[in-house]
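# Examining the three-dimensional arrangement
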Amino acid sequence: MSKAYLDTTILANILLKTGALRDTALKALKRFDHTELPTYAIKEFKAGALRNFVYIHNKLQTLGSYSETMMALQKLSLTPQRYKTATSIEAIAAAHKSMADVTPTRLLEKYGENASHDKILCDEIRLAIKVAIFKAWKRRHRVANKTVCPLPCYEEVEPYIKRGLIEIKPVQCKKGIPCEIEKILKTNPDHLIAMWESIKDSDKTENKKRAQVLKKLFRNPKRSIDEKDCRYLGDAVFVFLAPENGTILTTNERDHKPLADAIGKKVETP
């Protein structure tokens, strides 16, 4: 039986993206008899892509203007937060697509004759993004046949509305509870060493941080890792957790492959 192990990029493409990206990811799942999604992917999804959708929703709600929100995004694009900028733009683009069937007559009935185009656009885009956020969270366990590797240290708290804004916290694990990922990874030091060796000389900042945490795990097994370390591990977690007879499905094959090759696992891109 062919088995796919999904990472966060696949989850995000299916739950939040539209068009070719979503269709390609869904088509890829059909190539396998069974699909699995680790809870770690849900944690990353909420703290990453979903959190960025929440950001742009709340920006629209706070500013109350589509044009001012776009100006805020332009300023954000000049900072290191390129992922937040890109995802926010994707959220707006997806919202526009969802409005394809909205007619001027319907908007007139809803907002009246005196509402500005800027205000209408802001409200309609915000509402579409709001729907996308809550729908994505509700469907997170439906993407794969099975959700695996539960994390006792992480609670899947549903997003909620507070004073018109969407609250998404907590996105981190509960304090005072041992890290489940740390516990699992330490069961196989040989794999940790092999993955570390595959990226230890990488020039990428993400790999440098990941290598440091991997080294900490096998060099100091009695030393605990923190929330930041757990986040830095990223791709290494999916590679380690994936079953030996399965295929890691990701849009980020470039970063997964060296880690997977190091411990004899297979990676594919949709």
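One can find the structure itself at the top, above this paragraph.
Cut-off values and rules
Residues numbered from 1 in each chain as written. Predicted model: local features only at pLDDT ≥ 70, side-chain atom pairs only at ≥ 80, totals over all residues. Heavy atoms only, no water. Helix = DSSP H or I, 4+ residues; strand = E, 2+ residues; numbered from the N terminus. Buried < 20%, exposed > 50% of the residue type's maximum accessible area, 1.4 Å probe, protein only. Contact = heavy atoms within 4.5 Å. Pairing = 2+ DSSP bridges. Axes fitted to C-alpha atoms, helices over the stretch in contact; angles between N-to-C directions.

## Structural notes on unusual backbone geometry
A cis amide bond, omega 5°, links Lys169 with the succeeding residue Pro170. Inspection of the secondary structure puts Pro170 in the loop between strand 5 (165–167) and helix 8 (180–185). Within the chain, Arg163 stands out as a residue other than glycine whose phi angle is a positive 55°. Structurally, Arg163 can be placed in the loop between strand 4 (160–162) and strand 5.

## Details of the environment of Ala132
Within the secondary structure, Ala132 sits in helix 7 (residues 117–138). Of the residues examined, Ala132 reaches a relative accessible area of 25% and is grouped as partly exposed. With 82 residues separating them along the chain, Ala132 and Leu50 place their C-alpha atoms 9.4 Å apart. If we skip the residues at most four places from it in the chain, Ala132 touches Leu16 and Phe53.

## Overview of the sheet that holds strand 2 (residues 34–38)
Strand pairing in a sheet relies on backbone hydrogen bonds, with the paired strands running either antiparallel or parallel. Read from one edge of the open sheet, five strands run 3-2-1-6-7, paired in parallel fashion. Each end of this open sheet is capped by a strand with a single partner; those strands are strand 3 (146–148) and strand 7 (266–268). Averaged over all pairs of adjacent strands, the angle between strand axes in this sheet comes to 35°, irrespective of strand direction. Note that strand 6 (residues 247–249) and strand 7 share three bridges and pair parallel. Along strand 7, the bridge assignment pairs Thr247 with Lys266. Contacting strand 1 (3–6), strand 2 and strand 3, helix 3 (residues 39–63) runs over the sheet at an angle of about 55° to strand 2.

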